[in-house]
Amino acid sequence: MLLNKRQFLQSLTGLAALPSITIDALLPAIASQTPEQVAQNEEFWSELRKGFTVTKDFIHLENGYYVLASNEVLESYIQHIRDINPISSYYMRTRQFDDKLAVRKQLAELVGASHEEVIITRNTTESLDTIISGIDWKAGDEVVMALQDYGAMLDMFKQQARRYGIVNKIISVPNHPKSDEEIVELYAQAITSKTRLLMVCHIINITGQILPVQKIADMAHAKGVEVLVDGAHAVGHFDFKIPDLHCDYYGSSLHKWLGCPLGAGLLYVKKDKIKQIWPLIGETGYADDDIRKLNHTGTHPVHTDLALADAIKFHQKIGIQRKEARLRYLQSYWTAQVRNHPGIVVNTPADPKRHGAIANVGVTKLKPADLAKTLMEKYKIWTVAIDYANVHGVRVTPHVFTTTEELDTFVKVLKELA
């Protein structure tokens, strides 16, 4: 049984006086609850919210771009800056390398990979562009991708087409597929004897649809095609391990669902694929089969990497299963109320296996840009308009600090506008 409000607050005696709730103090109250029970425990998430400095100026429903770090992580991040600043170059020439290696190992463990297959980048774009630009392309090589893929990746492939003469074959993923096989077949039909690489989103950023990556990768490998996965929105969002996806390359951003300060991303390259990738920036200090050769981007803020360890720690305290359950619950909570409402179109699958926190919704009589503008200017609800690739609406991305009351307000407004 879920704790009632009085029981829950009694378990937190003394915490109200603290300036910021620490997650360690909240965990005992939910220790015996299943992830599904915790997902609906509004008292727990309300208390956890106090550990974030959430804006009061508007309802924040666009956390998919960049989520605010918890106060615990933010304070650690600031302290890293204070610690490094006085010793500046001494730190960078001595301790930096061991510290970053330790964080890299923690990140690799989080995603179930060897640290020899993982590097810390600045974001998904850098990670995936490192692979796209690092392949030794030949004129006529074909690449399969989707219209719904992220624009920066599509642009990078367009550049390779202009530079090397590769051929980009673009499919379109349906918003409401009937089965995994339907999606796999779409990709399969685009593959020919000239196909060298297939890029696929783990979760499509504009709709929140989770794709059957393992099945797509197995199909592609059976045809001799390598697989690059855009996991920008996956790490820290739902429970998975990269090797289980059977992909060759994987990129993600850690300032989204993992809650790291801006400037941290992940690149995974399967061990036997490292040697064939050219570095984005020249590097002769590492062997061709050492993934660190791909990590030469010059001097950058090391305190961001250090704060990644704090973000991982905070994330693991919540627990990925609890976090995933809560994020999926929040999405289902509001979309279930508008899916069949006249004048409202939900562009995200209803099947829980095909979605997480992200969803996309449109009001038929309003253009996406007008909907987003009205939501913010009239109702103080922050979203982002999406109006391409067969997706017309606003993307809605709640996070662990989002309340059901805020979503109730959003639902009420949607129905009013419809």
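Look a little higher up for the structure.
Below: a short report on this structure. Computed from a prediction, not measured in an experiment: that's the story for all the values here. Residue numbering note: each chain is counted from 1, following its sequence as written. It should be noted that, the model being predicted, local features are given only for residues of pLDDT at least 70 and side-chain atom pairs only at 80 or more, the latter also being counted only at that level, while totals for whole chains, interfaces and linings use all residues. Excluded from the side-chain calculation are hydrogens and water; included are all heavy atoms of the structure.

## Observations regarding the overall build of the protein chain
Move 1: For the protein chain, the count of helices and strands is 15 helices and 13 strands.
Move 2: For 418 residues, the compact-globule formula gives about 22 Å, and the C-alpha radius of gyration of the protein chain, at 22 Å, lands near that figure.
Move 3: Buried residues in the protein chain amount to 54% of all 418 residues.
Move 4: Every residue pair with non-hydrogen atoms within 4.5 Å of one another is taken to be in contact. Within the protein chain, residue pairs in contact and separated by at least 24 positions form 71% of the contacts whose partners lie at least 6 positions apart.
Move 5: In this description, accessible areas are obtained by the Shrake-Rupley approach with a 1.4 Å probe, and a residue is regarded as covered only by the protein chains that are shown. Total accessible area on the protein chain stands at roughly 18500 Å², and carbon and sulfur atoms take up 52% of it.
Move 6: For the purpose of charge, His is not counted, nor are the chain termini; Lys and Arg are scored as positive and Asp and Glu as negative. By convention, the charge on Lys lies at NZ, on Arg at CZ, on Asp at CG and on Glu at CD. Averaging the coordinates of the 47 positive side-chain charges in the protein chain and doing the same for the 48 negative ones gives two points 3 Å apart. Secondary structure elements are defined from DSSP: runs of H or I of at least 4 residues count as helices, runs of E of at least 2 residues count as strands, and each element is numbered from the N terminus. Note on method: radius of gyration uses C-alpha positions; expected globular size equals 2.2 Å times residues raised to 0.38. Buried residues are those whose accessible area, probed at 1.4 Å on protein chains only, stays under 20% of the maximum for their type, while exposed residues exceed 50% and partly exposed ones sit between those limits.

## Digging into helix α15 (residues 404–417)
Move 1: Multiplying one less than the number of residues by 1.5 Å gives the expected span of a helix. Helix length check: α15, at 14 residues, gives a terminal C-alpha distance of 20 Å against a target of 20 Å (1.5 Å per residue), a fit within 8%.
Move 2: For α15, the set of buried residues is T404, E406, L407, F410, V411, V413, L414 and L417.

## Remarks on helix α10 (residues 180–190)
Move 1: Those residues of α10 that sit buried are D180, I183, V184, Y187, A188 and A190. On an axial view of α10, the arc spanned by its buried residues comes to 165 degrees, and they lie on one face. More than 90 degrees from the buried face of α10, the exposed residues found are E181 and Q189.
Move 2: Close packing links the buried residues of α10 with β3 (142–146), β4 (167–171), β5 (195–201) and α11 (213–222). Directions from the helix axis toward the C-beta atoms define the arc.

## Remarks on the sheet that holds strand β10 (residues 359–363)
Move 1: Here we have four strands laid out as an open sheet, ordered β9-β10-β13-β12, and antiparallel in their pairing. In the strand order of this sheet, the two ends are held by β9 (344–346) and β12 (384–388), each with one partner. On average, adjacent strands in this sheet sit at an angle of 35 degrees to one another, irrespective of strand direction.
Move 2: A pair of strands counts as paired when DSSP detects no fewer than two bridges linking them. Sheet topology note: the β12/strand β13 (residues 391–396) ladder contains five bridges and is antiparallel. The residue of β13 that forms the bridge with A385 is V394.
Move 3: To define axes, lines are fitted to C-alpha atoms, for helices over the stretch in contact only, and angles between the resulting N-to-C directions are given on a 0 to 180 degree scale. On top of the sheet, helix α14 (residues 368–379) reaches β10, β12 and β13; it is set at about 25 degrees to β13, its chief contact.
Move 4: Against the sheet, α15 makes contact with β9, β10 and β13, and its axis sits at roughly 30 degrees relative to β10, the strand it touches most.

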